[in-house]
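# Remarks on the overall topology
Each chain is listed here by its residues.
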Amino acid sequence: MNTQEIIKKADENLLHTYNRYPIVFDRGEGVRLYDHDGREYLDFCAGIAVYALGYGNKKYEDALKKQIEKITHISNYYYSEPLADAAEKLTKAAGLDRVFFTNSGAEAVEGAIKAARKYAYLKDNACDHEIIAMEHSFHGRTFGALSVTGNSHYREPFEPMIGNVKFAKFNDYDSVEALVNEKTCAIIMETVQGEGGIYPADREFITKIRKLCDEKDILLILDEIQCGMGRSGSMFAFMQYGVVPDILTTAKAVGCGVPVGAFLMSQKVADASLVPGDHGTTYGGNPLACAAIDTVLDIFEEDKVLENVREVAPYLEQKLKETVEAYDFLKEERGLGLMRAIVFDTDKKKPGDVVKAALSKGLVLITAGTDVIRFLPPLVITKADVDEMAEKLSAALSE
Ligand SMILES: *Cc1c(COP(=O)(O)O)cnc(C)c1O
């Protein structure tokens, strides 16, 4: 099939929930993608913050192949060695005590919400606990995750949501405190808001929220599905703020291409929340998924991935700042580590048009919020890759 035939066949059969770019990706190598016609693209999207290690990492692929040849799935009524390894490594990497493996980010958020409600339920046997979430947040498309997603455009057609969710303003402590009452069981937020437009939490905000949660025995759920797994320059972004969540969600880069997620918690929460029968999944934590997580965490350590992020991120930041200065329709640059954004004056130029122009120049980018292009490259990029990106970006911005 040629490119047009593949697109036609897909469009005739897929449910139309995405407006896809007319590109058929075929394979990847390092930080580059190749389309069906052999054209090369520099990838600064990484499958939306998934492919942290770049494409074709030999150690990762060999580990998956080896696991496929042994067994890919058992059931959660039994143990496997990859399950034990992945559980130990991920809890250690996050500095938390207990983990539950899921198949996606949204499912990790669902589990986190259930754990928080159960924790509160065991204290007072009440069934009307409240959750405080943030405006402009994104937590996923299933009902629980959607209910705490602070974008009414995503929620409204599917109302009613799960009940008792209130929205505060991100980085506005008073707006959170004003919503707290004796029914509040959890505060959920992204440490760096991703889909909403790349907004890192302020240190003071997150510190005060942690203190508030401690005082009132409210659980702090940090969603690091996008900003976690090394992207910030630390294994998880919260580590840069000197706070620890009660429950953490992760996904995307934790599998680096194998669809997995997880929620983790402190022993305190584990001891007083979910018990056998409360929660489950058929595929979650199967040997293939866990072999992926186990190997990804090994490679992070062996290849010094965090060190690379810390070295290259300031360079990317500087290049993007220079870019912003060079164009009057760009307003600002912001982000944390290798999770960055440039902000557009959308009256003058639309981010979506620039993403399209960049694609035609062999650069993969992605928008966020309403006025932002975000940069989520593989964590193994070099400064030379950043230079190449900046050149292609300038060409796209000049169009
Ligand atoms: C992508 C994302 C999710 C949802 O993850 P899925 O795997 O798509 O279900 C949840 N929270 C954040 C912060 C995300 O970026």
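All values derive from a computational prediction rather than experimental measurement.

On to the nonpolar core, then. Formed by 103 residues in total, the largest nonpolar core has its most connected members in Phe 44, Phe 300, Phe 375 and Leu 393. With nine residues, the single largest contributor to this core is helix 12 (residues 305–326). Each of domain 1 (3–53 + 304–398) and domain 2 (59–302) gives at least three residues to this core. Once residues within four sequence positions are removed from consideration, Phe 375 is found in contact with Phe 44, Leu 316, Leu 320, Leu 338, Met 339, Arg 340, Ala 341, Ile 342, Leu 365, Met 389 and Leu 393.

Turning our eyes to something else, we now look at the layout of surface pockets. The computed volume of the second largest pocket comes to approximately 1000 Å³. Taken together, the elements giving at least two residues each to the lining of the second largest pocket come down to helix 4 (81–94), strand 4 (98–102) and strand 12 (261–265). With four residues, the top contributor of residues to the lining of the second largest pocket is strand 4.

A word on the domain arrangement of the chain. Along its sequence, the chain is carved into domain 1 (3–53 + 304–398) and domain 2 (59–302). Here the C-alpha centre of domain 2 lies 26 Å away from the C-alpha centre of domain 1. Contact residues are listed per partner, giving 26 residues for domain 1 and 30 residues for domain 2. Taking both partners together, domain 1 and domain 2 bury about 2300 Å²; carbon and sulfur atoms supply 65% of that area. On the domain 1 side of the interface with domain 2, the three residues burying the most area are Leu 53, Leu 336 and Met 339, jointly 29% of the side's total. At the boundary of domain 1 with domain 2, the tally comes to one salt bridge. For Arg 374, the salt bridge identified is with Glu 195, shortest N-O distance 3.0 Å. Where the side of domain 1 that touches domain 2 is concerned, the elements lending two or more residues are helix 2 (46–49), helix 12, strand 13 (330–336), strand 14 (339–344) and strand 17 (372–375). Broken down by class, the residue content of the side of domain 1 that touches domain 2 amounts to 18 nonpolar, three polar and five charged.

Within helix 13 (residues 351–360), burial applies to Pro 351, Val 354, Val 355, Ala 357, Ala 358 and Leu 359. Those residues of helix 13 that are buried are in contact with strand 3 (40–43), strand 14, strand 15 (363–364), strand 16 (366–368), strand 17 and helix 14 (383–397). Following helix 13 by one or two positions, Gly 362 has its phi on the positive side, about 80°.

Moving on, we get to the packing of aromatic side chains. Scanning the entire structure with this criterion turns up eight aromatic pairs. Ring centres of Phe 100 and Phe 263 lie 5.2 Å apart, and the angle between their planes is 25°; this geometry places the pair in the stacked category. With Phe 100 in strand 4 and Phe 263 in strand 12, this pair connects stretches of sequence that are 163 residues apart. Ring centres of Phe 138 and Tyr 154 lie 5.9 Å apart, and the angle between their planes is 80°; this geometry places the pair in the edge-to-face category. Taken together, the residues Phe 138 in the loop between strand 5 (130–134) and helix 6 (143–147) and Tyr 154 in helix 7 (residues 152–155) connect sequence positions 16 residues apart. For Phe 138, a relative accessible area of 17% translates into the label buried. Put simply, the rings of Tyr 327, Phe 329 and Phe 344 touch in pairs and so form one group of aromatic residues. Over the aromatic face of Tyr 199 sits the side chain of Arg 334, whose NZ or CZ is 3.9 Å from the ring centroid. Just above the ring of Phe 329 sits the side chain of Lys 349; from NZ or CZ to the centre is 5.3 Å.

The rules we used
- Residues numbered from 1 in each chain as written.
- Predicted model: local features only at pLDDT ≥ 70, side-chain atom pairs only at ≥ 80, totals over all residues.
- Heavy atoms only, no water.
- Core = buried A, V, L, I, M, F, W, Y, C linked by side-chain atoms within 4.5 Å.
- Buried < 20%, exposed > 50% of the residue type's maximum accessible area, 1.4 Å probe, protein only.
- Helix = DSSP H or I, 4+ residues; strand = E, 2+ residues; numbered from the N terminus.
- Domains from an automatic or database assignment.
- Contact = heavy atoms within 4.5 Å.
- 1 Å grid on protein atoms, 1.4 Å probe; cavity = no way out; pocket = protein on both sides within 12 Å on 5 of 7 lines; lining within 4 Å.
- Points joined across faces, edges and corners; volume = space filled by probe spheres on them.
- Buried area = accessible area lost by both parts, 1.4 Å probe.
- Salt bridge = Lys/Arg side-chain N within 4 Å of Asp/Glu carboxyl O.
- Nonpolar A, V, L, I, M, F, W, Y, C, P; charged D, E, K, R; others polar.
- Phe/Tyr/Trp six-rings, centres within 6.5 Å; stacked < 30°, edge-to-face > 60°.
- Lys NZ or Arg CZ within 6 Å of the ring centre and 35° of its normal.

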